Amino acid sequence: MEILQQIARELERGEDGKVGELTRLAVADGLSAKQILDDGLIAGMNVVGEKFRVHEIFLPDVLLAARAMYSGMDVIKPLMLEEDVPAIGKAVIGTVQGDLHDIGKNLVGIMLKGAGFEVIDLGNDVAPEAFIAAARENDAQVIGMSALLTTTMPVMRKVVSMLREAGLNGKIKTIVGGAPLSADFAAEIGADAYAYDGVNAVDRVKELVAGSHD
Amino acid sequence: MNRSFLDRIVAGEILVADGAMGTQLMERGLPAGACPEEWNLSRPRDLEEIARLYLEAGAQVIQTNTFGGSPLKLAKYDLDSRCEEINRAAVAAVRAAVGKDAFVSGSCGPTGCTLKPYGDTEPAAVADGFARQSGALIEAGVDVICVETMTDLVEATLAVKAAKAISRDLPVMATMTFDRTPRGFFTIMGVDIPSAVAGLAAAGADLVGSNCGNGSGNMVLIARELRAGTDLPLVIQANAGLPELQGDRVVYGESPEFMAEKARQLVASGVSVVGGCCGTTPAHIAALRQALQPARQ
């Protein structure tokens with residue numbers, strides 16, 4: 001589909017206006033929301049994620065691409081409701097207490113939404129209790145926590161241990177990420193997963209959700 | 001100080017700057033997530049004490065606790081209306097401790113906002129914020145302004161220009177934070193060293209350099225690249241390595257001796273002002289001073 005490739009290409013360039021326009025054309029052409037998402041918007045975002053990972057592009061380009069992705073998703077949102085595409089899972093996300101850095105968390109949020117998750121974004125400076133309360137209220141399968149400051153990483157350990165004390169470990173899965181984190185840290189605090197970027201976060205959260213159906 | 005900051009540097013003198021502020025505040029009980037600059041109002045004695053410790057360690061340039069003192073950053077704690085007061089109090093605390101025995105450097109860190117077009121913040125708002133902050137710092141009597149830990153060149157140049165618009169003669173140091181990638185050094189916003197040097201110099205910075213980052217080993221490489229790109233004096237303030245968690249405690253790996261050895265290499269690479277950033281302590285600064293000026297005092 002020529003137009004889907006065009007959507008992906010313009011998204012990579014961060015052209016939000018063109019992505020919105022092309023997405024409207026694709027809808028008018030009768031393409032399904034799922035096709036537009038998977039082969040247009042997400043395909044483009046995957047390329048952006050990969051280029052970012054190898055330092056070919058930097059944060060400003062990713063932010064522009066994310067904005068373009070939003071403008072495409074806004075167009076297909078009504079269509080998704082119409083097609084009755086069910087959310088593939090629910091995730092509560094936020095930057096942990098004491099930390100105001102939310103760029104990475106926002107990128108993970110948009111990637112999860114693009115992948116079909118319902119995302120409850122609690123913003124930044126989120127208290128451990130708030131993560132757990134929101135996950136319970138919304139029946140979310142996953143809590144995603146982000147930190148940029150090393151000093152705030154212990155909050156993640158607290159959330160994991162509070163879930164365990166409440167007997168919710170295994171029912172509500174945890175995933176952590178952020179520049180100072182590592183898979184080792186995630187394992188040490190007992191988090192269920194670690195993701196090194198937004199694209200990776202989608203894969204990991206999908207695994208967590210699949211696991212929680214067992 | 002009989003001669004001005006810039007005169008001494010231009011004359012070839014090497015100056016030792018202080019170490020971390022945040023690390024010291026946390027040791028004195030600043031909780032994660034609290035506004036560090038609020039202590040300028042509520043706990044000025046602690047700030048005086050920190051400045052005194054760095055002075056005694058041998059620092060000749062001592063920073064104010066105003067890294068997050070721009071109204072845009074203070075707004076995240078509902079303290080933006082007290083911007084001037086907070087910045088003035090920070091200068092007063094350092095001055096009370098050091099008198100004329102050290103230069104007082106007014107720290108201006110990032111606003112924490114992402115600028116248009118890739119973010120939502122108008123560059124004019126950032127410029128206005130830095131004008132308020134550096135206006136208060138300069139009015140309160142800083143000897144130099146230090147724009148630091150910048151990753152966005154537009155934001156960095158707005159901060160430099162704001163200070164220079166208030167006082168053309170007051171020296172401005174401007175430092176950015178670079179990460180090492182397989183393609184070379186870049187800030188997270190994608191600014192490489194040649195672009196940083198050119199942009200900061202054009203904005204009017206009197207010294208350019210780098211701070212924070214991944215430790216002092218990388219800083220030697222960064223300093224060489226900076227030197228290749230400009231004749232301006234250089235300033236380097238490295239972290240004591242990357243922070244690591246041991247249990248719930250944050251530790252930094254580089255010892256005072258290690259950083260002192262790297263400081264010698266920095267000076268050999270043409271750096272004029274050497275200090276520390278996150279994780280460095282008065283012990284690190286004492287080691288730097290000893291390594292760089294063993295004959296003095």
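1. Side note on the overall build of chain B
The helix and strand inventory of chain B stands at 12 helices and 12 strands. The C-alpha radius of gyration computed for chain B amounts to 17 Å, which stays within 12% of the reference 19 Å derived for 297 residues, consistent with globular compactness. Sequence-distant contacts, at least 24 apart, represent 77% of the contacts inside chain B between residues at least 6 apart. Of the roughly 11300 Å² that chain B leaves accessible, carbon and sulfur atoms contribute 51%. The centroid of the 26 positive side-chain charges in chain B is displaced by 4 Å from the centroid of its 34 negative side-chain charges.

2. Here's the deal with the sheet that holds strand E3 (residues 103-108) of chain B
Residues and elements named next belong to chain B. If you walk across this open sheet you meet the 8 strands as E1-E12-E9-E8-E5-E4-E3-E2, and the pairing is parallel. What marks the edges here is a single partner per strand, and that holds for strand E1 (15-16) and strand E2 (61-63). Sheet analysis places strand E4 (residues 144-150) next to strand E5 (residues 172-176), joined by 4 bridges and oriented parallel. Bridge pairing in E5 links Val147 to Ala174. Of the strands in this sheet, E2 and E3 are in contact with helix H6 (residues 83-98), which crosses E3 at around 155°. Those strands touched by helix H8 (residues 153-166) are E4 and E5, and its axis lies near 170° from that of E4.

3. Here's the deal with the sheet that holds strand E5 (residues 193-194) of chain A
All names here are of chain A. Spatial strand order, E2-E1-E3-E4-E5: 5 strands in an open sheet with parallel pairing. Bordering the open sheet on either side are strand E2 (117-121) and E5, each of which pairs with just one other strand. As paired elements, strand E3 (residues 142-146) and strand E4 (residues 173-177) share 5 bridges and run parallel to each other. Bridge pairing in E4 places Ser146 opposite Gly177. Contacting strand E1 (89-95), E2 and E3, helix H6 (residues 128-138) crosses the sheet at an angle of about 160° to E1.

4. Looking at the pairing of strand E8 (residues 207-212) of chain B
Note on strand geometry: in a regular strand, side chains alternate between the two faces of the sheet. All names here are of chain B. Of all 6 residues in E8, 6 are buried, a share of seventy percent or more. Here E5 runs beside E8; their pairing, made up of 4 bridges, is parallel. Across the sheet, the residue bridging to Thr175 is Gly209, located in E8. Bridging between E8 and strand E9 (residues 234-238) involves 5 bridges; their strand directions are parallel. Counted as the bridge partner of Asn211 is Gln237 from E9. Between E8 and its parallel partner E9, the chain crosses via helix H10 (residues 216-229), and the hand of that crossover is right-handed.

5. Let's talk about the packing of aromatic side chains
Residue and element names in this part refer to chain B. Counting across every chain of the model gives 2 aromatic pairs over all chains. Considering the side-chain rings of Phe5 and Phe103, the 5.2 Å spacing of their centres and the 80° angle between planes classify their relative orientation as edge-to-face. With Phe5 in helix H1 (residues 5-10) and Phe103 in strand E3, this pair connects stretches of sequence that are 98 residues apart. Neither Phe5 nor Phe103 differs from the other in exposure class; each is buried. The ring of Trp39 carries Arg43 above its face, with NZ or CZ at 3.9 Å from the centroid.

6. Thoughts on helix H4 (residues 44-57) of chain B
Three- or four-residue spacings in an α-helix give side chains the same orientation, since the helix completes a turn every 3.6 residues. Residues and elements named next belong to chain B. Here H4 is 14 residues long and its end C-alpha atoms lie 20 Å apart, about the 20 Å a rise of 1.5 Å per residue gives. Three or more residues of H4 are buried, namely Asp46, Leu47, Glu48, Ile50, Ala51, Tyr54 and Ala57. Looking at the buried residues of H4, the elements they touch are helix H2 (22-27), helix H3 (39-42), E2, H6 and helix H12 (282-292). Positive phi shows up at Gly58, right after H4, with a value of about 115°.

7. Focus: the packing of helix H9 (residues 193-203) of chain B against H10 of chain B
Residue and element names in this part refer to chain B. Interhelical geometry of H9 versus H10 gives an angle of 50° and a closest axis separation of 9 Å. As the angle between them shows, H9 and H10 are arranged oblique. Here H9 and H10 pass one another in a crossing that is right-handed. Counted together, Ile193, Pro194 and Val197 of H9 and Ile222, Glu225, Leu226 and Gly229 of H10 form the full contact between these two elements. Along the lines of polarity and charge, the residues of the contact of H9 with H10 split into 5 nonpolar, 1 polar and 1 charged.

8. Overview of the interface of chain A and chain B
With 19 residues of chain A at the contact, the number on the chain B side is 24 residues. Across the chain A-chain B interface, the total number found is 2 salt bridges. Two residues, Arg67 of chain A and Asp120 of chain B, come together in a salt bridge whose shortest N-O distance is 3.6 Å. At the boundary of chain A with chain B, the tally comes to 6 residue pairs in polar contact (both at pLDDT 80 or more). Those elements that place two or more of their residues in the side of chain A that touches chain B are helix H4 (59-83) and helix H7 (154-165) of chain A. Broken down by element, the side of chain A that touches chain B gets its largest block of residues, 5 residues, from H4 of chain A. Tallied by class, residues from the side of chain A that touches chain B come to 11 nonpolar, 5 polar and 3 charged.

9. Details of the pattern of salt bridges
Residues and elements named next belong to chain A. All chains considered together, the criterion is met by 21 salt bridges over all chains. Glu188 serves as the salt-bridge partner of Arg157, at 3.4 Å between the closest nitrogen and oxygen. Here Arg157, found in helix H7, pairs with Glu188, found in helix H8 (residues 183-189); they are 31 residues apart in sequence, far enough to count as distant. Residue Arg157 is classed as partly exposed on the basis of its relative accessible area, which comes to 22%. Look at Glu188 and you get partly exposed, because its relative accessible area is 48%.

10. Re the nonpolar core
Buried together is how nonpolar side chains tend to be arranged in soluble globular proteins. Membership of the largest hydrophobic core comes to 71 residues, with the highest contact counts inside it found for Ile145, Val147, Met176 and Leu200 of chain B. The dominant element in this core, judged by the number of residues it contributes, is H8 of chain B, at 7 residues. Once residues within four sequence positions are removed from consideration, Ile145 of chain B is found in contact with Gly106, Cys108, Ser134, Leu137, Ile138, Ala163, Leu170, Pro171, Val172 and Met173 of chain B. Formed by 46 residues, the second largest nonpolar core is a distinct cluster that contains Leu11, Leu41, Val48 and Val142 of chain A.

Rules of the game
- Residues numbered from 1 in each chain as written.
- Chains lettered and ligands numbered in written order.
- Predicted model: local features only at pLDDT ≥ 70, side-chain atom pairs only at ≥ 80, totals over all residues.
- Heavy atoms only, no water.
- Helix = DSSP H or I, 4+ residues; strand = E, 2+ residues; numbered from the N terminus.
- Rg over C-alpha atoms; globule rule 2.2 N^0.38 Å.
- Contact = heavy atoms within 4.5 Å.
- Areas by Shrake-Rupley, 256 points an atom, 1.4 Å probe, with all protein chains shown as cover.
- Lys, Arg positive; Asp, Glu negative; His and termini not counted.
- Charge placed at Lys NZ, Arg CZ, Asp CG, Glu CD.
- Pairing = 2+ DSSP bridges.
- Axes fitted to C-alpha atoms, helices over the stretch in contact; angles between N-to-C directions.
- Buried < 20%, exposed > 50% of the residue type's maximum accessible area, 1.4 Å probe, protein only.
- Right-handed = clockwise from strand over helix to strand, strands pointing away.
- Phe/Tyr/Trp six-rings, centres within 6.5 Å; stacked < 30°, edge-to-face > 60°.
- Lys NZ or Arg CZ within 6 Å of the ring centre and 35° of its normal.
- Expected span 1.5 Å × (residues − 1).
- Parallel < 35°, antiparallel > 145°, perpendicular 65-115°, else oblique.
- Left-handed = near helix turned anticlockwise from the far one by under 90°.
- Nonpolar A, V, L, I, M, F, W, Y, C, P; charged D, E, K, R; others polar.
- Salt bridge = Lys/Arg side-chain N within 4 Å of Asp/Glu carboxyl O.
- Polar contact = N/O pair within 3.5 Å; in protein donor to acceptor, adjacent residues only side chain to side chain.
- Core = buried A, V, L, I, M, F, W, Y, C linked by side-chain atoms within 4.5 Å.

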